[in-house]
Structures are given as C-alpha cells and as structure tokens.
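Spelled out from the first residue to the last, the chains are:
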Amino acid sequence: MTNRISTIAIVVRDYDEAIDYFTGSLGFDLVCDERLSETKRWVKVKPEGSECAILLAKAKNDQELGAVGNQTGGRVFLFLSTDNFQETYQRFKEKGIKFTEEPRDEAYGRVVVFEDLYGNLWDLVEAR
C-alpha cells in the first residue's frame, strides 16, 4: 500500500485572482477549474513536475475569510523546492513576489521566505 499527499487546500478570497497569482506570478500550471455550483469551483494548481497540487478553496463565510493569509498562524506554510535557486529567485523578484528576507544558506540548503498574494509564508528551497 502506498499513501501520499496529493492535494493541499488554501483558503482564498477569489478564485480568479488566486489563479492569476499562482499561474502568472509563480508559474504554476492550472490543473483544473470545474464549476460545482453557482458559488463553488474545484480549482487546482501545481508547480510543473510536482505530484502535489494546491486546491484553491474560496472562503464562504467570515470564519474562513479570517483564515485567508493566515493558514498557519504566521508560520511558514508551504515549501517550494527548486533545482535552480538563483533562477527561480530572480524570476520571482521580476514578477514582484514579496520576500521577507534575503536568501540564506542553511545546513539543509539555500532558502528564502516569501509571501503569497494573501500573506501566507512560503520557503523557496534548493536542497544541498
């Protein structure tokens, strides 16, 4: 038996602005965008070559809206691995991605923290 994480949900304000950000700014692929009802869509994006996708889940009430941008209480939420840190970092800078620090070297690799359009924190990492 094999188990794996295939999809992670992120609560977003709006489907289309989230799609624009993840595909336009981060360069992710749009995996699917299916209308489920008048107000709900099944929208998944993922980095090229990744098995794990992100489900963009539109907030449907005030409690969910309160979680937008604060999925983990201010901690780094997701880790985006790259095999070319400098190229990815430079491309993200050119796309206007907001970094919270300068790149640094750690025992596990080169890393920098960035914010997505909602304020969730991500690590961009190239492993050693």
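This is a predicted model, so every value here is computed, not measured.

### Re the overall build of the chain
Along the backbone of the chain there are 3 helices and 9 strands. Its C-alpha atoms give the chain a radius of gyration of 15 Å, near enough to 14 Å, the size a compact globule of 128 residues would have. Along the first, second and third principal axes, the C-alpha set of the chain runs to 45 × 35 × 30 Å. For the chain, the proportion of its 128 residues judged to be buried stands at 38%. A fraction of 52% describes how many contacts in the chain between residues 6 or more apart in sequence connect residues 24 or more apart. If you sum the accessible surface of the chain, you get close to 7800 Å²; carbon and sulfur atoms cover 45% of it. Side-chain charges in the chain split into 17 positive and 23 negative, and the spacing between the mean points of these groups amounts to 3 Å.

### Some remarks on the pattern of salt bridges
Pairing between side chains of opposite charge can happen when the charged atoms of each approach one another. Inspection of the entire model under this criterion finds 8 salt bridges. As a salt-bridge pair, K98 and E115 come within 3.7 Å of each other at their nearest N and O atoms. One end of the pair, K98, is in strand β6 (residues 98-99); the other, E115, is in strand β8 (residues 109-115), and 17 residues separate them in sequence. The class for E115 is partly exposed, based on a relative accessible area of 21%. If you follow the salt bridges from partner to partner, you end up with D16, D33 and R41 in one network.

### Focus: helix α1 (residues 15-25)
All of the buried residues in α1 are Y15, A18, I19, Y21, F22 and S25. For α1, the N-terminal cap is D14; the gap from its side-chain oxygen to the backbone nitrogen of D16 is 3.0 Å. Remark: G27 follows α1 within two positions and exhibits a positive phi of approximately 80 degrees.

### A closer look at the pairing of β8
In terms of burial, β8 is a largely internal element, 5 of the 7 residues being buried. Summarising the sheet, strand β7 (residues 104-106) and β8 pair through 3 bridges and their orientation is antiparallel. Along β8, the bridge assignment pairs E106 with G109. In this structure, the hairpin formed by β7 and β8 is closed by a connection of 2 residues. Across 7 bridges, β8 lies against strand β9 (residues 121-127) in antiparallel orientation. Its bridge partner lying in β9, R110 is registered against E126.

### Details of the sheet that holds strand β4 (residues 53-58)
Reading across the sheet, the 4 strands line up as β1-β4-β3-β2 and stay open at both edges, with mixed pairing between neighbours. The open sheet is flanked by β1 (7-12) and β2 (29-35), the only strands paired with a single partner. The average undirected angle you get between the axes of adjacent strands in this sheet is 25 degrees. Lying over the sheet, α1 contacts β1, β2, β3 (41-46) and β4, oriented at roughly 10 degrees with respect to β3.

### Observations concerning the state of the cysteines
Under the definition given, this model contains 0 disulfides. In this structure C32 is a free cysteine whose sulfur lies 13 Å from that of C52, the closest cysteine sulfur available. C32 sits in the buried class, given a relative accessible area of 15%. On the basis of relative accessible area, C52 is assigned to the partly exposed category, the value being 23%.

About the thresholds
- Each chain has its residues counted from 1, following the order in which its sequence is written.
- Per-residue local features of the predicted model are confined to residues with pLDDT of at least 70, and side-chain atom pairs are confined, for both listing and counting, to 80 or more; whole-chain, interface and lining totals are unaffected and use all residues.
- To obtain the side-chain values, all non-hydrogen atoms of the structure were included, while hydrogens and water were left out.
- We count a stretch as a helix when DSSP gives it H or I for four or more residues in a row; a strand needs E for two or more, and each element gets its number in order from the N terminus.
- In this setup the radius of gyration rests on C-alpha atoms only. A globule is expected at 2.2 Å times the number of residues raised to 0.38.
- Exposed residues in this analysis have more than 50% of their type's maximum accessible area, buried residues have under 20%, and partly exposed residues fall in between, with area computed by a 1.4 Å probe over protein chains only.
- Residue contacts are defined here by distance: any two heavy atoms, one from each residue, within 4.5 Å place the two residues in contact.
- Per-residue and other accessible areas follow the Shrake-Rupley method at a 1.4 Å probe size, with only the shown protein chains counted as cover for residues.
- The charge count treats Lys and Arg as positive and Asp and Glu as negative. His and the chain ends do not count.
- Where a charge sits is defined by one atom per residue type, namely NZ (Lys), CZ (Arg), CG (Asp) or CD (Glu).
- The salt bridge definition used is simple: a Lys or Arg side-chain nitrogen within 4 Å of an Asp or Glu carboxyl oxygen.
- Think of a polar contact as two N or O atoms within 3.5 Å of one another; within protein, one of them needs to be a possible hydrogen donor and the other a possible acceptor, and neighboring residues in sequence only count if both atoms come from side chains.
- Should DSSP find at least two bridges between two strands, the strands are taken to pair.
- A fitted line through C-alpha atoms serves as each axis, taken over the contacting stretch for helices, and the angle formed by two N-to-C directions is quoted from 0 to 180°.
- Pairs of cysteine sulfur atoms within 2.5 Å are what we label disulfides.

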